[in-house]
Amino acid sequence: MKPRTQAAFALLAALSSPAFAIDWTLCPGLNDPVAAGDTAPRYEAFFSPYTHHWSHDDEHKPVVALSVSRLLPNDRYCGLSVFTNSFGQPSAYAFVGKSWPGIWPSQPKVYASVSAGILYGYVGKYKNKVPLNVGGFSPAIIPAIGYRLSPRATVEVQVLGTAALMFGTTWRF
């Protein structure tokens, strides 16, 4: 057996051990039924028409993103984003996240959030534009800060690593 295959089996065995027998649910509460009379929003849509890159590259194309998240208990969320990346390639990001509302006491409408997940889309000659890219897939962590305009609408800025800032808005429904 090759060393890489042996390592994969060892990792699988370790993760299967009773020591790791905890609830690894990525989206806790996803399938919870709606309580009678509950009218709280259960989803959030994000739209970004503009991304500002830290450095200019003649190959950069406009980035447009659209995502839908399922709002979960304890200010958590899970979702999927589709977008054109900085080089015009169709891309996607599947993620889980957590928000912290009211992080600034004198400005209670300001919140912070962070999502983590799997990014797909940087392929071909652009495969090295994101770290740890294997076959177009790479891990991603995206912190954000936003301002709640109303109970349903926000404006938000997401930090895309050392590459860019993404500006967008959300709507809860």
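Residues numbered from 1 in each chain as written. Predicted model: local features only at pLDDT ≥ 70, side-chain atom pairs only at ≥ 80, totals over all residues. Heavy atoms only, no water.

Visitor: Lay out the environment of I103 with the relevant residues and their values.
Guide: Summarising the element assignment, I103 is placed in the loop between β4 (90-101) and β5 (110-120). Taking the relative accessible area as the measure of exposure, I103 reaches 41% and is therefore partly exposed. Sequence separation between I103 and I145 is 42 residues, and the spatial gap between their C-alpha atoms is 9.7 Å. Residues within four places of I103 in sequence aside, it is in contact with V110, Y111, A112 and I145. (Helix = DSSP H or I, 4+ residues; strand = E, 2+ residues; numbered from the N terminus. Buried < 20%, exposed > 50% of the residue type's maximum accessible area, 1.4 Å probe, protein only. Contact = heavy atoms within 4.5 Å.)

Visitor: Quick rundown of the state of the cysteines? Include the residues and the values.
Guide: Taken as a whole and judged by the stated rule, the model has one disulfide. Linked covalently through their sulfurs, C27 and C78 form a disulfide whose S-S length is 1.8 Å. On the S-S bond that ties C27 to C78, the torsion sits near -120°, and the link is left-handed. Residue C27 is located in the loop between α1 (3-15) and β1 (43-53), and its partner C78 is located in strand β3 (residues 76-84); the two are separated by 51 residues in the primary sequence. (Disulfide = S-S within 2.5 Å.)

Read these as spatial facts, not as claims about activity.
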